[in-house]
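Listed below, chain by chain, are the residues.
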Amino acid sequence: MILGPPTVNWYGVQPCWQIPLEAAARREHGARLRRNVQWDRITYQIPIEVPGRRDPVLTDIVFYERPPYPCWGLPPEEYPRVYAVPDATSPHRMPDDALCLYYPRSPDHERWRPADGLLMLIDLVRNHLFFEDHWRATGANLCGIWLGAEAPQGFPEVGRWHRPSPRRRRSQRNRTLVLTSGEASPPAQSLPSWAQLRHSSLESSLPPLPSRHIGLSSKRFAASIGLASTPKR
Amino acid sequence: MVNKLPTLEELLTQARHQIEVTPEEIEEARRRRETIANALRNEFPGSRVYFNGSLAHGDALTPLTDIDLGIVIAAAKYTHGPGLAGPRDLMDRAAGAIRRELKSSFPKLTVQVEGCTRAVLVRFGDPVHAGEKGFTCDVICAIDNVNADGLFIPKVPGWSRSHPETHTRMIRAAIKESKVTFAHVVRLLKHWNRCNDRPLVSWNIKALALGCIHGPITQLSGLATWFSFAGRELDKGLTEDPARVAEKPIKLGSGWTQTQVVAELRAGSKRVDEAIRLERDGYPLQAHEQLARLFNDEEMLPYPNPDAVREEAALGWKTLSTGGLTAGVGSGFGRPQVQARSWTE
């Protein structure tokens, strides 16, 4: 969590960020797409129609200036929180019930970025909600089928993926990524950056830090989320 | 035995039957209309009566709650009109005549002139459709326009130009030319309008239909044509009187802005086009779902079984997501998708 006084110039309040982000979504959804700007966050609210659901699903997409959740090294604008269908059983939800739409360590083309536009994020949410419905309809935790592609749970460790223990997850909120050395075999063929991550310094392997957006220098930002320290091995 | 799913056209026909005015309602409404017409003919000898509104245009919906008629008062042709006398005394005479001649048949009848700018309002206090609160009739006291086409109709304290007789003629001609499909499409659109907060007045729906529905057409094509045309036309400006007589264009639904109405029409257009595409691509349940969403009325057009829709969509998704590429579901179909992998912390 990044604490500190609010800034007035963060990315979410900039028209040059909002306009291209919203353009296609506004054309598609018109006045149904609502924007609520607060000093530290911008929330888009949109009712999303999902096949097989009688009523549209009211969805909140929240971009934070300084997210109160770990972004796993991504700039906050690339890792918004998306809330829909509260308390639904799903294999892909965050601890705070947000939708786990994509693995933050995926290459660019496998995760949403603001340059893709809000419409693409809304489409991604619709797919996710449809996959959740289908998963529940086909047996949920017993034998439910997830139609879409899935990344393994948690982060890779010693050549495999693991779900961090609650204690470690708490520490990740400060440290963002826990890396351990181990076997050289890649955990899965669709995890391209993992081998590089293990052999390079943590900071250099991360995406560019969003200093221009949140008014912090890269160093201060990294230090504030504990990235400047050597990763635990 | 395999149950064949209904086509969209069949669904629309079934749905339309749910909203069509019943023969009993029509018969009773016509009887009352004729009673009022006779009262007016007696009061204003030599005048002609005309009928307009949904009953006269052949697109009335159930429950039928009102009718419209007018009388063109011959004796007032040179005494009333712009620059001469206003309509109020004629409206009072019409109201008195209706009270006199109908009170015995309808004990709860009330006839109102005070506060009415256009028409004498007749409340029968007795519905023609069980369950409704009442039944009303708007009576217009008009005079011929001696200098130009059309009539002068009241806009108390003065007059405004209109041509209701031509409107009815135009609508009837369109119904005949289209072999009744004009009326079918208008009925469906009027129901869409009332289930979606009434962005348009009924007359605007018909005026726009006159501009785009020519000749026989399926209901589905009619809807697609109308939504597309209406969105484009209202984007350019409000709809002018098709008879080219009224000074002002047709007003939008109460509380609606032009931008909002255009957005609503475009959304409707997109939905109908999407339903057509889904049916063409072999997804009848999702196509049905789109139509149900359009009309937003379970009683008129029930939603398909949600599990069956989901199953169909899942099957379609699997078919379309080939080569490791994820397709979009629902309205996201056909757009580029983020090839994301769902995750858990």
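Analysis parameters
- Residues numbered from 1 in each chain as written.
- Chains lettered and ligands numbered in written order.
- Predicted model: local features only at pLDDT ≥ 70, side-chain atom pairs only at ≥ 80, totals over all residues.
- Heavy atoms only, no water.
- Salt bridge = Lys/Arg side-chain N within 4 Å of Asp/Glu carboxyl O.
- Helix = DSSP H or I, 4+ residues; strand = E, 2+ residues; numbered from the N terminus.
- Buried < 20%, exposed > 50% of the residue type's maximum accessible area, 1.4 Å probe, protein only.
- Core = buried A, V, L, I, M, F, W, Y, C linked by side-chain atoms within 4.5 Å.
- Contact = heavy atoms within 4.5 Å.
- Pairing = 2+ DSSP bridges.
- Axes fitted to C-alpha atoms, helices over the stretch in contact; angles between N-to-C directions.
- Phe/Tyr/Trp six-rings, centres within 6.5 Å; stacked < 30°, edge-to-face > 60°.
- Parallel < 35°, antiparallel > 145°, perpendicular 65-115°, else oblique.
- Nonpolar A, V, L, I, M, F, W, Y, C, P; charged D, E, K, R; others polar.
- Buried area = accessible area lost by both parts, 1.4 Å probe.
- Polar contact = N/O pair within 3.5 Å; in protein donor to acceptor, adjacent residues only side chain to side chain.

Turning our eyes to something else, we now look at the pattern of salt bridges. Residue and element names in this part refer to chain B. Applying the stated criterion across every chain, the model contains 43 salt bridges over all chains. Between Glu 165 and Arg 48 there is a salt bridge; the shortest N-O distance is 2.7 Å. In this pair, Glu 165 is assigned in helix 5 (residues 164-177) and Arg 48 in strand 1 (residues 48-52), connecting sequence segments 117 residues apart. Classification of Glu 165 as buried rests on a relative accessible area of 15%. A relative accessible area of 35% places Arg 48 in the partly exposed class. In this structure, Asp 307 engages Arg 310 in a salt bridge whose closest nitrogen and oxygen atoms are separated by 3.0 Å. Of this pair, Asp 307 and Arg 310 are both found in helix 11 (residues 306-320), three residues apart, which corresponds to roughly one turn of the helix. For Asp 307, a relative accessible area of 46% translates into the label partly exposed.

One finds A:Tyr44, A:Phe63, A:Tyr79, A:Trp112, A:Leu118 and B:Trp343 to be the most contacted residues of the largest nonpolar core, which totals 56 residues. For this core, the elements supplying multiple residues, two or more each, are helix 1 (15-29), strand 2 (41-48), strand 3 (57-64) and helix 2 (118-137) of chain A together with helix 11 of chain B. Those residues in contact with A:Tyr79, other than ones at most four positions away along the chain, are A:Tyr69, A:Pro70, A:Cys71, A:Trp72, A:Leu74, A:Met94, A:Tyr102, A:Pro104 and B:Trp343. Counting residues in hydrophobic clusters, the runner-up holds 47 residues, among them B:Val185, B:Leu200, B:Ala275 and B:Tyr283.

Attention now goes to the sheet that holds strand 1 (residues 34-37) of chain A. Residue and element names in this part refer to chain A. With antiparallel pairing, the four strands of this open sheet are ordered in space as 1-2-3-4. Where the open sheet ends on each side, the last strands, each with one partner, are strand 1 and strand 4 (81-83). Here the average twist between neighbouring strands, direction ignored, is 20 degrees. Sheet analysis places strand 3 next to strand 4, joined by three bridges and oriented antiparallel. In the strand pairing of strand 4, Ile 61 is matched with Val 82. Strands in contact with helix 1 are strand 1, strand 2 and strand 3; relative to strand 2, the strand with the most contacts, it is inclined by about 15 degrees.

This part takes up the packing of aromatic side chains. Residue and element names in this part refer to chain A. Throughout the structure, instances matching the rule amount to 21 aromatic pairs over all chains. Measuring from ring centre to ring centre gives 6.2 Å for Tyr 44 and Phe 63, while their planes differ by 85 degrees; the resulting arrangement is edge-to-face. With a gap of 19 residues between them, Tyr 44 in strand 2 and Phe 63 in strand 3 connect regions that are remote in the sequence. Accessibility assignment for this pair places Tyr 44 and Phe 63 in one class, buried. Aromatic side chains Tyr 69 and Tyr 79 sit 6.3 Å apart centroid to centroid with 55 degrees between the ring planes, which places their arrangement in the tilted category. Of the two residues, Tyr 69 is situated in the loop between strand 3 and strand 4 and Tyr 79 in the loop between strand 3 and strand 4; the sequence distance between them amounts to 10 residues.

Here the focus is the packing of helix 7 (residues 202-212) of chain B against helix 8 (residues 219-236) of chain B. All names here are of chain B. Taken N-terminus to C-terminus, the directions of helix 7 and helix 8 make an angle of 105 degrees; their axes are 9 Å apart at the nearest point. In terms of axis orientation, helix 7 runs roughly perpendicular to helix 8. Here Ile 205, Leu 208, Ala 209, Gly 211 and Cys 212 of helix 7 come into contact with helix 8, specifically with Thr 225, Trp 226, Phe 229, Ala 230, Glu 233 and Leu 234. Of the residues in the contact of helix 7 with helix 8, the class split is eight nonpolar, two polar and one charged.

Below, the discussion takes up the interface of chain A and chain B. In this complex, chain A contributes 53 residues to the contact, which on the side of chain B involves 33 residues. Both faces considered, chain A and chain B share a buried interface measuring about 3800 Å² in area, 52% of it formed by carbon and sulfur atoms. Of all residues in chain A, A:Glu49, A:Gly52 and A:Arg54 give up the largest surface area on contact with chain B, accounting jointly for 16% of the area buried on that side. Here chain A is connected to chain B by eight salt bridges. Linking A:Arg54 and B:Glu298 is a salt bridge whose minimum nitrogen-to-oxygen distance equals 2.8 Å. Applying the counting rule to chain A against chain B returns 27 residue pairs in polar contact (both at pLDDT 80 or more). Put simply, the parts of the chain that give the side of chain A that touches chain B at least two residues each are helix 1 and helix 2 of chain A. With 12 residues, the top contributor of residues to the side of chain A that touches chain B is helix 2 of chain A. Here the side of chain A that touches chain B is built from residues that sort into 26 nonpolar, 11 polar and 16 charged.

The analysis is restricted to geometry; functional conclusions fall outside its scope.
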